[in-house]
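Structural overview
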Amino acid sequence: MRAFREAVEALDLDAAEALLAPDVVFTSPVVFKPYTGKPITAAILRAVSGVFEDLRYVREINDVNGRDHALVFTARVGDRELSGCDFIHVDDDGLIDELTVMVRPLSAAQALAAAMGAQFERIAEEARARSM
């Protein structure tokens, strides 16, 4: 999805958030249970934008019906290089209703988990504030 890619690359997180459906389901690469809702997903996106360094999308794959997209990226977390993919599904209104992120290798996923875990109280607090 070009609009999401451009928003993330420009660090325009308000524009990225505007593309999320109210009931979006975010599946993290490092947590088993998905997160549901725009406030928590937006808060996670804001946090990860500070954790990922040198994020660069290298490939975009779109299905013929325009509802499923894959954005392949590279980034760093500290001294760990990673590659990953944002799998995006859009609803009938063109809003993102499913966002699944996968990363590799394991050492980079572990670095990501540690970096995001250190911020999770702030993420949860931001999500609560956005819910009101």
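Note that the structure is a prediction, hence the values are computed from the model and not measured.

**So, the overall build of the protein chain**
- Along the protein chain, the regular secondary structure elements total five helices and six strands.
- The N-to-C order of helical and strand elements in the protein chain reads α-α-β-β-α-β-β-β-β-α-α.
- Whereas a compact globule of 132 residues would reach a radius of gyration of roughly 14 Å, the protein chain reaches 14 Å, a difference of no more than 12%.
- Reported as C-alpha extents along the three principal axes, the dimensions of the protein chain are approximately 40 × 35 × 30 Å.
- Across the protein chain, every contact between residues at least 6 apart in sequence was considered, and the portion connecting residues at least 24 apart equals 47%.
- Accessible surface, the protein chain as shown: approximately 7,200 Å² in total, 54% of it carbon and sulfur.
- With 14 positive and 22 negative side-chain charges, the protein chain shows a separation of 5 Å between the mean positions of the two kinds.

**Side note on the side chain of D97**
- For D97, the position within the fold is in strand β6 (residues 96–104).
- Despite its burial, D97 pairs with no opposite charge; the closest candidate is R67, at 5.2 Å N-O.
- With residues up to four places along the chain from it excluded, the contact list for D97 reads A21, D23, V24, V25, H89, V90 and D91.

**Side note on helix α4 (residues 106–117)**
- Relative to the 16 Å expected for 12 residues at 1.5 Å per residue, α4 spans 16 Å between its end C-alpha atoms, a close match to the ideal helical length.
- Of all the positions in α4, only A108, A109, L112 and M116 are classed as buried. The arc that holds the buried residues of α4, viewed along the axis, is 100°, so those residues lie on one side. Of the exposed residues in α4, those oriented more than 90 degrees away from the buried face are L106 and A114.
- Elements in contact with the buried residues of α4: α3 (38–51), β4 (68–77), β5 (80–90), β6 and α5 (120–131).

**Some remarks on the sheet that holds β5**
- Ordered by their spatial adjacency, six strands build an open sheet running β2-β1-β6-β5-β4-β3, and the pairing between neighbours is mixed. Edge positions in the sheet fall to β2 (35–36) and β3 (53–62), since each of these pairs with one other strand and no more.
- One ladder, built from 10 bridges, connects β4 with β5; its direction is antiparallel. Each bridged residue has a counterpart across the sheet, and for A70 the counterpart in β5 is F87.
- In the packing of α3 onto the sheet, the strands contacted are β1 (20–27), β2, β3, β4 and β6, and the crossing angle to β1 comes to about 55°.

Criteria and thresholds
Residues numbered from 1 in each chain as written. Predicted model: local features only at pLDDT ≥ 70, side-chain atom pairs only at ≥ 80, totals over all residues. Heavy atoms only, no water. Helix = DSSP H or I, 4+ residues; strand = E, 2+ residues; numbered from the N terminus. Rg over C-alpha atoms; globule rule 2.2 N^0.38 Å. Contact = heavy atoms within 4.5 Å. Areas by Shrake-Rupley, 256 points an atom, 1.4 Å probe, with all protein chains shown as cover. Lys, Arg positive; Asp, Glu negative; His and termini not counted. Charge placed at Lys NZ, Arg CZ, Asp CG, Glu CD. Buried < 20%, exposed > 50% of the residue type's maximum accessible area, 1.4 Å probe, protein only. Salt bridge = Lys/Arg side-chain N within 4 Å of Asp/Glu carboxyl O. Expected span 1.5 Å × (residues − 1). Arc of directions from axis to C-beta. Pairing = 2+ DSSP bridges. Axes fitted to C-alpha atoms, helices over the stretch in contact; angles between N-to-C directions.

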